[in-house]
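Overview (structure and organization)
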Amino acid sequence: SALAYNPDDLGDPVGDPIPIEDSDLLVQEYQKRDYVDGRPQNVSSLVIYKNPEATGTNFSIPDYMSSEEPYWGLLKENTKNVYIEEGVTGIGSHAFSDMPILENIEIPTSVTYIGDNAFSNAQRLTGALDLSKVETIGKEAFRGCSRITSVKLDGLKTLGVGAFQSCGQLSDVTLSQSLTEIP
């Protein structure tokens, strides 16, 4: 499938891809100089994709207990972009929470599950989210993402409590007909 991001805009790769524990996925960090609040700094982009050499079938980012637990938790202060490629099926709890400069995420249609607090407190996460194939969104998954303006939830079956709490600019929500309860 076509990527919504331009690989030439990512910057330089930092080392080799790192296996994501308890999954058959890899993460590659890229780094370049960019502006944050008008000041130049090194920013990271993370690309998460299926390990082409994997023999297993677990293509979900695992659940974490906190934002420090994943490998990229060390990079959370400098991560501006997260690109999850087609084939990844889930995003676990706290996978990308507490990332203060995260502005852009790409979530493919293969993702059907987003865990608790997966993106909570990513206050700069901006724009529209197309989550039309996601069936389950955990509690407080996008809490505090105050710059999200719209979200498509056409396939949603289960919505966790406070999933979009404190998303002050969220004004356009498309819900699924199969959603029977909004907590």
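What you see is a predicted model, and the numbers here were worked out from it, not measured in a lab. (Residues numbered from 1 in each chain as written. Predicted model: local features only at pLDDT ≥ 70, side-chain atom pairs only at ≥ 80, totals over all residues. Heavy atoms only, no water.)

On to the environment of Val47. For Val47, the position within the fold is in strand S3 (residues 39–50). Along the sequence, Val47 and His94 sit 47 residues apart, while their C-alpha atoms lie 17 Å from each other. Setting aside anything within four residues of it in sequence, one finds Val47 in contact with Tyr5, Leu10, Leu26, Val27, Gln28, Tyr30, Tyr83 and Glu85. (Helix = DSSP H or I, 4+ residues; strand = E, 2+ residues; numbered from the N terminus. Contact = heavy atoms within 4.5 Å.)

With that out of the way, let us pick up the sheet that holds strand S9 (residues 126–130). With parallel pairing, the three strands of this open sheet are ordered in space as S9-S11-S13. Of all the strands in the sheet, just S9 and strand S13 (172–175) have a single pairing partner and so form its edges. The sheet shows a mean angle of 15 degrees between the axes of neighbouring strands, taken without regard to direction. (Pairing = 2+ DSSP bridges. Axes fitted to C-alpha atoms, helices over the stretch in contact; angles between N-to-C directions.)

Here we come to unusual backbone geometry. Positive phi is not limited to glycine here, since His94 has a value of about 60 degrees. Mapped onto the fold, His94 is located in the loop between strand S6 (90–91) and strand S7 (104–106). One non-glycine residue with positive phi stands out, namely Ser166, at about 60 degrees. Assignment of secondary structure puts Ser166 in the loop between strand S12 (158–159) and S13.

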